[in-house]
Amino acid sequence: MTTTQPVRLSAGLAVAFVDALRAEGIAVPTSSTIGYVDALTAVGIESESGVYWSGRACLITRPEDIDTYDAVFERFWLASGAGELTSSLTEEFTLAIDSDDGDDGADGEHDDTQLDAPPPIELRFSSAEILRQKDFAEWTDAELAESQRLMRQLRFVGSPRRSLRLTPAPRSGSRLDLRRTVRSALAADGEAIRQHFRRRSSRPRRLVLLLDVSGSMEPYARALIRFAHAAVAGRQRVEVFAVGTRLTRITRELARRDVDEAINRAADAVTDWSGGTRLGEGLRRFNRDWGQRGMARGAIVVILSDGWDRGDPEALGEQMQRLQRLTHRLVWVNPLKVTPGYAPLARGMAAALPFVDEFVEGHSLNALEELANIIGGAQDRRIGNTVLSQRRQEERML
């Protein structure tokens with residue numbers, strides 16, 4: 001898709017004016033010319049005062065050149081030739097947006113009136129960059145399909161955690177590996193020539209995604225479910241749950257390689273899709289059946305929800321407090337956070353926010369990239385606005 005728009009080049013007029021000044025003996029360096037081009041582009045050529053004083057400020061360095069400058073300015077800008085020069089510097093730009101669909105029908109068609117015209121200058125914009133900033137609620141079905149390729153590029157590395165397993169250390173570690181040391185000594189006639197050490201290994205932390213699939217999240221859930229599929233396909237130890245009026249584990253359904261098949265299976269498994277919201281009850285069941293049994297211990301838990309809850313906000317706050325004690329990091333992703341003037345006034349969001357380590361946006365691909373960085377530990381912006389959050393930070397510092 002291409003759009004043609006004439007653009008008036010004030011830079012050409014600026015350079016021509018500088019040449020006229022140099023012809024009258026005024027020394028104008030190249031750096032001053034560049035500054036004048038920028039100034040003239042900013043003020044425009046419609047304002048006589050703006051053109052005059054921008055030239056005085058950028059091009060004249062000696063007081064004795066002011067009279068010559070005034071004469072050249074009146075002759076160049078106020079004469080009729082300046083208008084003719086302005087019209088002659090009109091060039092045609094072609095703004096093109098890259099698309100996967102070929103536009104072959106227009107390649108063979110030419111306008112006979114443009115055969116002698118100079119070739120237009122093309123400026124191409126990538127549709128992927130536009131898609132990264134576009135709100136999920138405004139995406140079309142074609143853009144949803146394109147987003148899967150971009151979401152696969154996200155890296156959900158996550159900060160590692162220390163494991164109980166021991167691994168050989170390349171140099172002196174915390175403890176001596178007696179078995180390997182004795183074995184190497186037997187091979188050297190009983191002489192312990194070399195000592196071997198070992199240390200505790202590390203393993204990636206589990207990532208748990210709790211996706212709100214209620215009616216209020218419908219414009220965003222269709223994109224966030226693809227984000228969850230990319231997370232399952234991109235790393236190990238990922239669990240995904242759908243939260244509506246009930247809690248549904250959909251990790252196995254999203255483990256399919258084909259994204260459309262995975263999403264269809266997940267949609268069939270979630271019987272309360274686009275229904276009501278009972279976040280407190282869903283978190284209570286998660287804590288009881290999964291979290292306290294080990295799934296949330298030391299894990300990174302991400303809740304993707306707008307915070308609208310029909311249940312008791314006190315129950316939600318209590319379950320959030322219990323969940324925070326289990327997790328390594330508790331992240332809340334709210335697509336409505338980007339709205340101008342947004343404040344967490346919903347009862348559910350207000351009750352949950354004091355126990356959240358990270359409160360981020362989730363309305364676009366750029367926001368999900370920031371979320372991936374947070375999961376990877378690249379950012380640490382804990383809100384810590386309660387006594388419990390402050391106490392937890394102090395414990396981690398010890």
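The structure contained in this document is the topic of the report that follows. (Residues numbered from 1 in each chain as written. Predicted model: local features only at pLDDT ≥ 70, side-chain atom pairs only at ≥ 80, totals over all residues. Heavy atoms only, no water.)

### Structural notes on the overall build of the protein chain
And step 1. From N to C terminus, the protein chain includes 16 helices and 12 strands.
And step 2. Counting the 398 residues in the protein chain, one finds 41% classified as buried.
And step 3. Pairs at least 24 apart in sequence give 75% of the contacts found in the protein chain among residues at least 6 apart.
And step 4. Accessible area of the protein chain: about 22400 Å², with a carbon and sulfur share of 49%. (Helix = DSSP H or I, 4+ residues; strand = E, 2+ residues; numbered from the N terminus. Buried < 20%, exposed > 50% of the residue type's maximum accessible area, 1.4 Å probe, protein only. Contact = heavy atoms within 4.5 Å. Areas by Shrake-Rupley, 256 points an atom, 1.4 Å probe, with all protein chains shown as cover.)

### With respect to the pairing of strand S8 (residues 238-243)
And step 1. The buried fraction of S8 amounts to six of the six residues, a majority that puts the element mostly inside the structure.
And step 2. In the classification by handedness, the crossover that spans strand S7 (residues 207-212), the intervening helix H9 (residues 218-234) and the parallel S8 is right-handed.
And step 3. Across three bridges, the pairing between S8 and strand S9 (residues 247-249) is antiparallel. Paired with Val243 across the bridge in S9 is Leu247.
And step 4. As consecutive antiparallel partners, S8 and S9 are separated by three residues. (Right-handed = clockwise from strand over helix to strand, strands pointing away. Pairing = 2+ DSSP bridges.)

### As for a nonpolar patch on the surface
And step 1. Where nonpolar side chains cluster on the molecular surface, the patch consists of Leu176, Leu178, Val182 and Leu186 and spans about 390 Å² of accessible area.
And step 2. It is helix H8 (residues 178-186) that contributes the most residues to the nonpolar patch, three residues altogether.
And step 3. Residue placement: Leu186 occurs in helix H8.
And step 4. Taking the relative accessible area as the measure of exposure, Leu186 reaches 66% and is therefore exposed. (Patch = residues over 30% accessible without salt bridge, like charges linked within 9 Å, V, L, I, M, F, W, Y side chains within 5 Å. Salt bridge = Lys/Arg side-chain N within 4 Å of Asp/Glu carboxyl O.)

### Quick look at the nonpolar core
And step 1. Phe136, Leu209, Leu254, Val302 and Leu371 are the most contacted members of the largest nonpolar core, which has 42 residues in total.
And step 2. Counting only elements with at least two residues in this core, the list comes to helix H7 (141-151), S7, H9, S8, helix H11 (259-269), strand S10 (300-304), strand S11 (329-334) and helix H15 (365-375).
And step 3. Considering each element in turn, this core owes the most residues, nine residues, to H9.
And step 4. With residues near it in sequence (within four places) discarded, Val302 still touches Leu207, Val208, Leu209, Leu210, Val331, Val333, Leu371 and Ile375.
And step 5. Grouped together as the second largest cluster of nonpolar side chains are 26 residues, Phe241, Leu279, Leu330 and Leu353 included. (Core = buried A, V, L, I, M, F, W, Y, C linked by side-chain atoms within 4.5 Å.)

### Quick look at the sheet that holds strand S4 (residues 160-169)
And step 1. Here three strands make up an open sheet; going across it, the order is S4-S6-S5 and the pairing antiparallel. With one partner strand each, in any of the chains shown, S4 and strand S5 (175-176) form the two edges of the open sheet.
And step 2. Looking at chain direction, S4 and strand S6 (residues 197-204) are connected through seven bridges and run antiparallel. Bridging from a neighbouring strand, Pro160 pairs with Pro204 of S6.

### Section: empty space enclosed by the protein
And step 1. As enumerated under the stated definition, the model contains two cavities of 30 Å³ or more in all.
And step 2. Counted as a void, the largest cavity has a volume near 60 Å³.
And step 3. Residue lining of the largest cavity: Leu210, Leu211, Asp212, Val243, Leu279, Leu283, Ile303, Leu304, Ser305, Leu316 and Trp332, and that is the complete set.
And step 4. Those elements giving two or more residues to the lining of the largest cavity turn out to be S7, helix H12 (279-295) and S10.
And step 5. Top contributing element to the lining of the largest cavity by residue count: S7, with three residues. (1 Å grid on protein atoms, 1.4 Å probe; cavity = no way out; pocket = protein on both sides within 12 Å on 5 of 7 lines; lining within 4 Å. Points joined across faces, edges and corners; volume = space filled by probe spheres on them.)

### Observations concerning the sheet that holds S11
And step 1. The mixed open sheet is built from six strands, whose spatial order is S9-S8-S7-S10-S11-S12. Every other strand in the sheet has two partners, leaving S9 and strand S12 (358-361) as the edge strands with one partner each. If you compare each strand with its neighbour and ignore which way they point, the axes differ by 20° on average.
And step 2. Across five bridges, the pairing between S7 and S10 is parallel. (Axes fitted to C-alpha atoms, helices over the stretch in contact; angles between N-to-C directions.)

### Side note on the packing of H7 against H9
And step 1. One way to put it is that H7 packs onto H9 with a least axis distance of 10 Å and a crossing angle of 25°. Between H7 and H9, the interaxial angle falls into the category roughly parallel. Considering how the two elements wind past one another, H7 and H9 form a crossing that is right-handed. Of H9, the residues touching H7 (which contributes Asp141, Leu144, Ala145, Ser147, Gln148 and Met151) are Arg222, Ala223, Arg226, Phe227, His229 and Ala230.
And step 2. Each residue belonging to the contact of H7 with H9 can be placed in one class, and the counts come to six nonpolar, three polar and three charged. (Parallel < 35°, antiparallel > 145°, perpendicular 65-115°, else oblique. Left-handed = near helix turned anticlockwise from the far one by under 90°. Nonpolar A, V, L, I, M, F, W, Y, C, P; charged D, E, K, R; others polar.)

### Here we look at the environment of Ile374
And step 1. For Ile374, the position within the fold is in helix H15.
And step 2. The class for Ile374 is buried, based on a relative accessible area of 0%.

### Some thoughts on the pattern of salt bridges
And step 1. Going through the model one piece at a time under the given rule, you end up with 12 salt bridges.
And step 2. One salt bridge in this structure joins Arg62 and Asp65, with 3.0 Å as the shortest N-O distance.
And step 3. For Arg62, a relative accessible area of 41% translates into the label partly exposed.
And step 4. Given a relative accessible area of 9%, Asp65 falls into the buried group.
And step 5. Across the pair Glu281 and Arg284 runs a salt bridge whose closest N-O atoms are separated by 2.6 Å. Here the residue Glu281 and the residue Arg284 both occupy positions in helix H12, the gap between them amounting to three residues, near one helical turn.

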